[in-house]
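Analysis of the macromolecular model
Here is how the chains run, residue by residue.
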Amino acid sequence: MLRPRVVMLVDLDYFYAQVEERRNPSIRGKPVVVCVYSGRTEDSGAVATSNYIAREYGVRSGIPISLAKKRLKDNKDAVFLPIDRPYYQAVSERIMSVIRASADSFEQVGIDEAYLDVTDRVRGDFGEAKELACKIKNDVLEQEGVTCSVGVAPNKLVAKMASDAQKPDGLTIVKPEEVKTFLDPLPADRIIGIGGKTSKRLEDMNIKTISDLASYDVERLIEKFGKALGNYFHNASLGIDDSPVQERGEVESISRIATLKENTRDINVIMQKANELSDDVHAKLLERGVNFKLVGIVMIMKDLTVHSKSKTFETPMFDVDVIKRTARELFDKLLNESTNEARRIGVRVSVLGKVEKTQRRLTDFFGSSS
DNA sequence: GTATGCTTTCGGC
DNA sequence: TTACGGCCGAAAGCATAC
């Protein structure tokens, strides 16, 4: 007898802003806005996240800081704080180790979310799962002073949507027999992978809700979106998802990006910043003890359009000069393909591998005959 | 025709 | 009226190999 899985998604509420509230409780009850200042002018930059009080004023992730200030100008209590990633990272690591202790298998996604497969420890019982979810919420609140929202469902897809249904400090259980009732009325764009562009196309096909999507012919979906995506949409609309909860390995790429003091097309100005970014990236490579096979760059132009280039090497590289030289080559190419000025630039390395402690011997490559 | 690998873009947080 | 970050993994798009 196949027992349904019991999967949870734990999402730490408005994480950066909540951590700031915990660090300085006197800002609780006020709008809190965590900002990424670019350093170009006083208020240039974007909002990383905000607490729910700030959100009532329309201050959400991604909007310009100056716009956030405008929207909050009548609230004299509003607090604007610079982002402190290392601190949030440290808090996240402690919280994640608390959560992990309640899982059969565990998969962290980003700094503030984790999937747990708890099928075995609740013996497939959603009633027990609810108690476990409450215990996790309690553990995290008592030990780290942070609230979270939890979704419990038969798979990752529905667990994620369940956790979104009620927040902050929410708990939403969707038993196997409730999946259809839960999903049907939701707008189609609540499915991961259906963003602005795809939902527009779906609307043109008269598909607005997940229910609409579920009753649409699979073959027709495949005609429109291709095999992989068509099947994915069809299955997702029915709440079907077999993807396992599995531990994620080390990060697969390391990147740094920065805003230039002024827009420019001057390769020397660009390379001065690019070399700094390359040094930072290289320092992280050394820290991790890894080499790389790919160097990529990104350029965000004056008009905020994004362009990127990359180059893959056949063998692993580890010199900072390779990063710098390749970056220059790629920035030169990119500038040649556009007449626009650059606003921000970034450097990225990926396809990372472990640096061997000693030089490998030929026998490691060709095998030994003895 | 399908699988594989590389480059570029997308989009979540 | 406009305003505008810094990451990351995944998807999409394309070329080439089988």
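Heads up: these notes are all about the structure in this document. (Residues numbered from 1 in each chain as written. Chains lettered and ligands numbered in written order. Predicted model: local features only at pLDDT ≥ 70, side-chain atom pairs only at ≥ 80, totals over all residues. Heavy atoms only, no water.)

This brings us to the packing of helix 4 (residues 85-100) against helix 5 (residues 126-144). Running from N to C, helix 4 and helix 5 cross one another at 145 degrees; their axes reach a closest spacing of 10 Å. For the pair helix 4 and helix 5, the crossing hand works out as right-handed. Contacts from Arg-94, Ile-95, Val-98 and Ile-99 in helix 4 reach Ile-136, Asp-139, Val-140, Gln-143 and Glu-144 in helix 5. Of the residues contributing to the contact of helix 4 with helix 5, the split by class is five nonpolar, one polar and three charged. (Axes fitted to C-alpha atoms, helices over the stretch in contact; angles between N-to-C directions. Helix = DSSP H or I, 4+ residues; strand = E, 2+ residues; numbered from the N terminus. Left-handed = near helix turned anticlockwise from the far one by under 90°. Contact = heavy atoms within 4.5 Å. Nonpolar A, V, L, I, M, F, W, Y, C, P; charged D, E, K, R; others polar.)

Right, let's get into helix 11 (residues 227-237). Along helix 11, the residues that are buried comprise Gly-230, Phe-233, His-234, Ala-236 and Ser-237. Of the residues one or two after helix 11, Gly-239 is the one with positive phi, at around 75 degrees. (Buried < 20%, exposed > 50% of the residue type's maximum accessible area, 1.4 Å probe, protein only.)

Burial analysis of helix 1 (residues 15-23) places seven of its nine residues in the buried class, the great majority of the element. Buried residues of helix 1: Phe-15, Tyr-16, Ala-17, Gln-18, Val-19, Glu-20 and Glu-21, and no others.

What follows concerns the pattern of salt bridges. Tallied over the full model, the rule gives 24 salt bridges. Between Arg-23 and Glu-20 there is a salt bridge; the shortest N-O distance is 3.1 Å. Here Arg-23 and its partner Glu-20 are both found in helix 1, three residues apart, which amounts to about one turn of the helix. Judged by relative accessible area, which is 5%, Glu-20 ranks as buried. With a closest N to O distance of 3.0 Å, Lys-69 and Asp-43 form a salt bridge. Highlighted residues: Lys-69 in helix 3 (residues 65-71) and Asp-43 in the loop between strand 2 (32-37) and strand 3 (45-50), separated in sequence by 26 residues. Salt bridges sharing partners connect three or more residues here, namely Asp-11, Asp-164 and Lys-167. (Salt bridge = Lys/Arg side-chain N within 4 Å of Asp/Glu carboxyl O.)

The next thing to look at is the protein's contact with DNA strand C. Taken together, 27 residues lie around DNA strand C, and Leu-67, Ser-255, Arg-256, Ile-257 and Arg-343 are the ones closest in. Taking all atoms of DNA strand C within 4 Å of the protein, the share assigned to sugar and phosphate is 67%. Separating a phosphate oxygen of DNA strand C from a backbone N or O atom of Glu-252 is a distance of 2.8 Å. Note that a phosphate oxygen of DNA strand C is positioned 2.9 Å from one of the side-chain N or O atoms of Thr-259. Sorting the residues of the surface near DNA strand C by element identifies strand 3, helix 3, strand 9 (253-264) and strand 12 (342-350) as the ones contributing at least two each. No other element matches the seven residues that strand 9 contributes to the surface near DNA strand C. For the surface near DNA strand C, the residue count by class is 11 nonpolar, eight polar and eight charged. (Near = heavy atom within 4 Å. Polar contact = N/O pair within 3.5 Å; in protein donor to acceptor, adjacent residues only side chain to side chain.)

At their nearest, the axes of helix 10 (residues 218-225) and helix 11 sit 7 Å apart, and the two run at 140 degrees to each other. Looking at the two axes, helix 10 sits oblique to helix 11. Considering the relative orientation of helix 10 and helix 11, their crossing is right-handed. From helix 10, Val-218, Leu-221, Ile-222 and Phe-225 reach across to helix 11, where they touch Lys-227, Leu-229, Gly-230, Asn-231, Phe-233 and His-234. Residue composition of the contact of helix 10 with helix 11, by class: six nonpolar, three polar and one charged. (Parallel < 35°, antiparallel > 145°, perpendicular 65-115°, else oblique.)

We now examine the pairing of strand 1 (residues 7-12). Within strand 1, six of the six residues are buried, which leaves the element mostly enclosed by the surrounding structure. Burial along strand 1 is two-sided: Val-7, Leu-9 and Asp-11 facing one way and Met-8, Val-10 and Leu-12 facing the other are all buried. Of the pairings in the sheet, the one linking strand 1 to strand 6 (residues 113-117) comprises five bridges and is antiparallel in character. Each bridged residue has a counterpart across the sheet, and for Asp-11 the counterpart in strand 6 is Glu-113. As paired elements, strand 1 and strand 7 (residues 148-153) share six bridges and run antiparallel to each other. Bridging across to strand 7, Met-8 finds its partner in Val-152. (Pairing = 2+ DSSP bridges.)

What follows deals with the nonpolar core. Judged by nonpolar contacts, the single largest core of 38 residues is most densely connected at Met-8, Leu-12, Phe-15, Ile-99, Leu-116 and Val-152. For this core, the elements supplying multiple residues, two or more each, are strand 1, helix 1, strand 2, strand 4 (79-82), helix 4, strand 6, helix 5 and strand 7. Excluding residues within four positions of it along the chain, Val-152 makes contact with Val-6, Val-7, Met-8, Phe-126, Ala-129, Ala-133, Ala-162, Leu-171, Thr-172, Ile-173 and Val-174. (Core = buried A, V, L, I, M, F, W, Y, C linked by side-chain atoms within 4.5 Å.)

Time to look at a positive patch on the surface. Positive charge collects at one region of the surface, where Arg-60, Lys-70, Arg-71, Lys-73 and Lys-76 lie side by side. Tracing the backbone shows Lys-73 in the loop between helix 3 and strand 4. (Patch = residues over 30% accessible without salt bridge, like charges linked within 9 Å, V, L, I, M, F, W, Y side chains within 5 Å. Areas by Shrake-Rupley, 256 points an atom, 1.4 Å probe, with all protein chains shown as cover. Lys, Arg positive; Asp, Glu negative; His and termini not counted. Charge placed at Lys NZ, Arg CZ, Asp CG, Glu CD.)

Looking now at the protein's contact with DNA strand B. Close to DNA strand B lie Asp-112, Glu-113, Lys-160, Leu-294, His-307, Ser-308, Lys-309, Ser-310 and Thr-312, which account for all nearby residues. When the atoms of DNA strand B within 4 Å of the protein are sorted by group, sugar and phosphate make up 86%. Between DNA strand B and the protein, one listed contact pairs a phosphate oxygen with a side-chain N or O atom of Lys-160 at 2.8 Å. A distance of 3.2 Å is found between a phosphate oxygen of DNA strand B and a side-chain nitrogen or oxygen belonging to Lys-309. Looking at which element gives the most residues to the surface near DNA strand B, the answer is strand 11 (residues 306-317), with five residues.

In short, shape yes, function no, at least from these values alone.
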